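Read off the chains here:
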Amino acid sequence: LFAASLTGHRGVSQGEPVPVRVTMTPLVYTYYIRCEFSEGAEHIVLMRGALEGMARGVYLTTGHTTAETCNVLFEGERTPFGAQALVRSFGVPDHRNGHFNRGGEAGREYRINLEFRLRNGKTKTFNLDITPQMSEAPQGGVITVCGLVITPEEASGNASGFDVEVEDWGEFEDIPLVF
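This report concerns the structure included in the present document. Numbering of residues begins from 1 in every chain and follows the order in which that chain's sequence is written. At least 70 in pLDDT is required for a residue's local features to be given in this predicted model, at least 80 for side-chain atom pairs to be given and counted, and no such filter applies to totals for whole chains, interfaces and linings, which use all residues. Hydrogens and water molecules were not included; the side-chain quantities draw on all heavy atoms of the structure.

### Considering the overall build of the chain
- By definition, any uninterrupted DSSP run of H or I lasting at least four residues is a helix, any uninterrupted run of E lasting at least two residues is a strand, and each is numbered from the N terminus. The secondary structure content of the chain amounts to two helices and nine strands.
- Taking all 179 residues of the chain together, the buried fraction comes to 32%.
- For the chain, contacts bridging at least 24 residues in sequence account for 68% of all contacts bridging at least 6. For the exposure calls, accessible area comes from a 1.4 Å probe over protein chains only, and a residue counts as buried if that area is under 20% of its type's maximum, exposed if over 50%, partly exposed in between. Any two residues whose heavy atoms approach within 4.5 Å are treated as being in contact.

Put into structure tokens, the structure is as follows:
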């Protein structure tokens, strides 16, 4: 989504088209989410998440984002270091578009919720504060989450409910049913 704002222009009908030079600027930005694991990245199968506290809308004439917030859901892909995702968003709420004018927001909190599906079928969830990184990247950028861990205990077993360690059924006993 791109937009341009033209102020002070008076359209006067001259019979022929008059070229007007405008610069189209982006209103949707990309965040690169990088999830780095210090242990257990090899157990990841799928990744999904949500950026919490993002702008719900944007004004096309000014590029200013609305004050209302929303969660932006995304899916990612597994990598040797953990997982990564590209997330498109209007940016942070109540922020003046730097292409149109300068300004900023203060006092907001941003979180990222990450869910990783493991090879054993279990899900590992992280809910982290990314406010310092979002204040540096209000209109797209790199969000890095480091030091994530999936322990061997979390990666073992399976989530099907079948326990291979269950005792034997015991002796066979035939019980006649009387009708």
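### Structural notes on the nonpolar core
- Judged by nonpolar contacts, the single largest core of 29 residues is most densely connected at Tyr31, Ile33, Leu51, Phe74, Leu114 and Phe116.
- Of all the elements in the fold, those that place two or more residues in this core are β3 (29-39), β4 (44-55), β5 (69-79), β6 (82-89), β7 (111-118) and β9 (141-149). Each nonpolar core is a collection of buried residues, namely Ala, Val, Leu, Ile, Met, Phe, Trp, Tyr and Cys, held together in the definition by side-chain atoms within 4.5 Å.

### Side note on empty space enclosed by the protein
- In this analysis a 1.4 Å probe is tested at points of a 1 Å grid over the protein atoms alone, and where it fits but cannot get out there is a cavity; an open set with protein on both sides within 12 Å along at least five of seven lines is a pocket; lining residues have an atom within 4 Å of a point. Grid points are joined across faces, edges and corners, and a volume is the space filled by probe spheres set on the points. Taken as a whole and assessed by the stated rule, the structure comprises one cavity of 30 Å³ or more.
- Every residue lining the largest cavity is counted, twelve residues in all, and those nearest its centre are Tyr29, Gly63, Thr65, Phe90 and Gln139.

### Focus: the side chain of His64
- Tracing the chain through its elements places His64 in the loop between β4 and β5.
- On the accessibility criterion, His64 (17% relative accessible area) is buried.
- Pairing of N or O atoms within 3.5 Å defines a polar contact, subject to two protein rules: one partner must be a possible hydrogen donor and the other a possible acceptor, and residues neighboring in sequence count only if both atoms are side-chain atoms. A polar contact of 3.3 Å, which involves the side chain of His64, links it to the side chain of Asp94.

### Description of the pattern of salt bridges
- When a carboxyl oxygen of Asp or Glu lies within 4 Å of a side-chain nitrogen of Lys or Arg, that pair is called a salt bridge. Inspection of the entire model under this criterion finds four salt bridges.
- Notably, a salt bridge pairs Glu115 with Arg48, separated by 2.6 Å at the nearest N-O pair. Of the two residues, Glu115 sits in strand β7 while Arg48 sits in strand β4, which places them 67 residues apart along the sequence.
- As a salt-bridge pair, Glu109 and Arg111 come within 3.8 Å of each other at their nearest N and O atoms.

### Quick word on the packing of aromatic side chains
- Two aromatic rings, drawn from Phe, Tyr or Trp (for Trp, its six-membered ring), form a pair once their centres lie within 6.5 Å of each other, and the interplanar angle then sorts them: stacked below 30 degrees, edge-to-face above 60, tilted otherwise. Overall, the coordinates contain three aromatic pairs when judged by the stated rule.
- Seen from their ring centres, Phe37 and Phe126 are 6.1 Å apart, and the 75° between their planes marks the pair as edge-to-face. Residue Phe37 is found in strand β3, and its partner Phe126 is found in strand β8 (residues 123-129); the two are separated by 89 residues along the sequence. The residues Phe37 and Phe126 share a single accessibility class, namely buried.
- Taking 5.9 Å as the distance between ring centres and 75° as the angle between the ring planes, the aromatic pair formed by Phe116 and Phe126 counts as edge-to-face. Taken together, the residues span a long stretch of sequence, with Phe116 in strand β7 and Phe126 in strand β8 at a distance of ten residues. Comparing Phe116 with Phe126, the two get one shared label, buried.
- Three or more aromatic residues joined by ring pairs form one cluster here, namely Phe37, Phe116 and Phe126.
- Two limits define a charge over a ring: the Lys NZ or Arg CZ must be within 6 Å of the ring centre, and within 35 degrees of the ring normal. One cation-aromatic arrangement involves Arg34 over Phe81; the distance from NZ or CZ to the ring centre is 3.7 Å.

### Things to note about the environment of Thr79
- Along the chain, Thr79 turns up in strand β5.
- For Thr79, a relative accessible area of 9% corresponds to the buried category.
- Taking the C-alpha atoms as reference points, Thr79 and Ala41, 38 residues apart in sequence, are found 8.2 Å from one another.
- Polar contacts involving the side chain of Thr79 include one to the main-chain amide nitrogen of Ala83, which spans 3.3 Å.

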